[in-house]
Amino acid sequence: MVPNFAREASAAWLTGWETHVHAPFVRMKQKRGETGLSGLPGFNGRALIPPGAVPIRFKPRLKKPLPAPGLDPSLGRIGNLEVRLATSVSEIRRAQRLRYRVFFEEMQAVATGLSLLSRRDIDAYDTVCDHLLVIDHAATDETPFRRPRPKVVGTYRLLRQDTADRHFGFYTAGEYDIAPLLAAHPGKRFLELGRSCVLKPYRTKRTVELLWAGIWAYVQHHRIDAMLGCASLEGTDPERLALPLSFLHHHARAPEGWGARALPGRYVAMDRLAREAVDPKAALQALPPLIKGYLRVGATFGDGAVVDRQFGTTDVFVVLPVSAIAARYIDHFGPAANRRAA
């Protein structure tokens, strides 16, 4: 008689699974129910978390974000490009991958920890912020074992004051003392703009207009009174950035009650050149497009720069009260927020 090896192997496998895998897990779950988390069995019957010890706190996991009630996630479209809010963890991860590609691969920021392992730019703020995306429907973002999806080519991270107050505060507070600014305007709703980046081939007027159209739709929906955040100049040597820094200090400084000063341990003077030594035209040419865009719509800048060596940048504080935005830009971005391809 020929033995049925397949049947015998299957029976042996099931026996091993029940004895060595399933049964121990059942016993552990029963023990956990009897003793609680701190009573989980450890070595020699001792708890894994000794009495009085502080348990390790892991970073909160991303929960599925939802669009704000009454606000359509799709905020505008011009041709193949659409600006929209991320509505899933997958879309946030795609924004993080884009940020990694721009910040760490193109601009040579120094990746550490989880970002280095995952090839995504990640921090705790991603779990509480809204994420604005620009998507190119004519290009695909192909990854192994996934169907092709429209490509994410730009992103902004948005943090409302009420959300910041419930969690970690504003990210900007790690570089600037913004407490006096917030205290000077009680009752006003602030929105922090951060982590902005666009893929190099898409750094065009059309992409910037779409991002601003999305921001403006968001600002209107949430009745935001002012925007703030940090903008970056590439490089960590303030002397090499003396011209643009001095221009911002002398010609675009925030008015009384709207500025913020760099934290004492991080303060770098911006007035590196005298006012009369600054050539405004040359300074504007030396500024990054994002900062020039902020200037055009009416933004002003804080006191002191901050060198961010991890990201290889020199940061400046930006503030933009909605009331300071020129009417022509409000007229422009308002209709743009509802543009659709014909």
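Our subject is the structure listed above.
Residues numbered from 1 in each chain as written. Predicted model: local features only at pLDDT ≥ 70, side-chain atom pairs only at ≥ 80, totals over all residues. Heavy atoms only, no water.

**Topic: the packing of aromatic side chains**
Then step 1. Applying the stated rule across the entire model yields eight aromatic pairs.
Then step 2. Where Y125 meets Y171, the ring centres are 5.5 Å apart and the plane angle is 80 degrees; that geometry is what we call edge-to-face. Placement of Y125 in the loop between α3 (113–118) and β3 (130–141) and of Y171 in the loop between α4 (161–166) and β5 (176–177) is noted, with a sequence separation of 46 residues between them.
Then step 3. The ring of Y267 carries R261 above its face, with NZ or CZ at 4.1 Å from the centroid. (Phe/Tyr/Trp six-rings, centres within 6.5 Å; stacked < 30°, edge-to-face > 60°. Helix = DSSP H or I, 4+ residues; strand = E, 2+ residues; numbered from the N terminus. Lys NZ or Arg CZ within 6 Å of the ring centre and 35° of its normal.)

**Considering the nonpolar core**
Then step 1. Among the nonpolar cores identified, the biggest contains 67 residues, and L132, M227, L248, Y294 and V316 are the most heavily contacted of them.
Then step 2. Examining the composition of this core, we find that eight residues originate from one element, helix α6 (residues 205–221), more than from any other.
Then step 3. Leaving out residues up to four positions away in the same chain, L132 has contacts with L75, V83, R84, L85, G154, T155, Y156, L158, L211, G214 and I215.
Then step 4. Formed by 19 residues, the second largest nonpolar core is a distinct cluster that contains C129, I178, F190 and V306. (Core = buried A, V, L, I, M, F, W, Y, C linked by side-chain atoms within 4.5 Å. Buried < 20%, exposed > 50% of the residue type's maximum accessible area, 1.4 Å probe, protein only. Contact = heavy atoms within 4.5 Å.)

**Regarding the pattern of salt bridges**
Close approach of charged atoms lets side chains of opposite charge pair.
Then step 1. For the coordinates displayed, the defined rule picks out 15 salt bridges.
Then step 2. Between D126 and R157 there is a salt bridge, with the nearest N and O atoms lying 2.9 Å from each other. Here R157 lies in strand β4 (residues 149–160) and D126 lies in the loop between α3 and β3, a separation of 31 residues in the sequence.
Then step 3. Given a relative accessible area of 1%, D126 falls into the buried group.
Then step 4. You can call R157 buried: its relative accessible area is 6%.
Then step 5. Through salt bridges with shared partners, one network takes in R99, D121, D123, D126, R157 and R195. (Salt bridge = Lys/Arg side-chain N within 4 Å of Asp/Glu carboxyl O.)

**As for α6**
At 3.6 residues per turn, the α-helix brings residues three or four places apart onto the same side.
Then step 1. In this model, α6 (17 residues) spans 24 Å end to end at C-alpha, consistent with the 24 Å of a helix rising 1.5 Å per residue.
Then step 2. Taking burial as the measure, the 17 residues of α6 include 12 buried ones, the bulk of the element.
Then step 3. All buried positions along α6 are accounted for by T207, E209, L210, L211, W212, A213, G214, I215, W216, A217, Y218 and V219.
Then step 4. Within two residues after α6, R223 carries a phi angle of roughly 55 degrees, on the positive side. (Expected span 1.5 Å × (residues − 1).)

**What to know about the pairing of β4**
Then step 1. Burial runs high along β4: 10 of the 12 residues are buried.
Then step 2. Direction of pairing for β3 relative to β4: antiparallel, over a ladder of nine bridges. Paired with H131 across the strands is R157, a residue of β4.
Then step 3. Examined bridge by bridge, β4 and strand β6 (residues 190–198) share six bridges and lie antiparallel to one another. When the bridges of β6 are listed, G154 appears paired with V198. (Pairing = 2+ DSSP bridges.)

**Quick look at helix α2 (residues 89–106)**
Then step 1. With 18 residues, α2 should reach 26 Å at 1.5 Å per residue; the first-to-last C-alpha distance of 25 Å fits that figure.
Then step 2. Restricting attention to buried positions, one finds in α2 the residues V89, E91, I92, R94, A95, Q96, L98, R99, Y100, V102, F103 and F104.
Then step 3. For α2, the elements touching its buried residues are β2 (81–85), α3, β3, β4 and β6.
Then step 4. Immediately beyond the C-terminal end of α2, within one or two residues, lies Q108, with a positive phi of roughly 60 degrees.

**Considerations on the environment of D162**
Then step 1. Checked against the element boundaries, D162 lands in helix α4.
Then step 2. On the basis of relative accessibility, which here comes to 41%, the residue D162 falls in the partly exposed class.
Then step 3. Between the C-alpha atoms of D162 and F190, which are 28 residues apart in sequence, the distance is 8.5 Å.

**Some words on the environment of E91**
Then step 1. Looking at the element boundaries, E91 is found in helix α2.
Then step 2. For E91, a relative accessible area of 12% corresponds to the buried category.
Then step 3. Spatially, the C-alpha atom of E91 lies 8.7 Å from that of H131, the residues being 40 residues apart in sequence.
Then step 4. Sequence-distant contacts of E91, defined by excluding residues within four places in its chain, comprise R84, L85, A86 and L133.
Then step 5. Within the structure, the side chain of E91 is placed 2.7 Å from the backbone nitrogen of T87, a separation counted as a polar contact. (Polar contact = N/O pair within 3.5 Å; in protein donor to acceptor, adjacent residues only side chain to side chain.)

**Comments concerning the environment of W216**
Then step 1. Summarising the element assignment, W216 is placed in helix α6.
Then step 2. Separated by 106 residues in the primary sequence, W216 and V322 have C-alpha atoms spaced 9.6 Å apart.

**Concerning unusual backbone geometry**
Then step 1. Unusually for a residue other than glycine, R119 sits at a positive phi of about 60 degrees.
Then step 2. Among the structural elements, R119 can be located in the loop between α3 and β3.
Then step 3. Although it is not a glycine, R195 sits at a positive phi angle of roughly 50 degrees.
Then step 4. Note that R195 resides in strand β6.
Then step 5. Given the relative accessible area of 14%, R195 is considered buried.

By themselves these figures say nothing about function.
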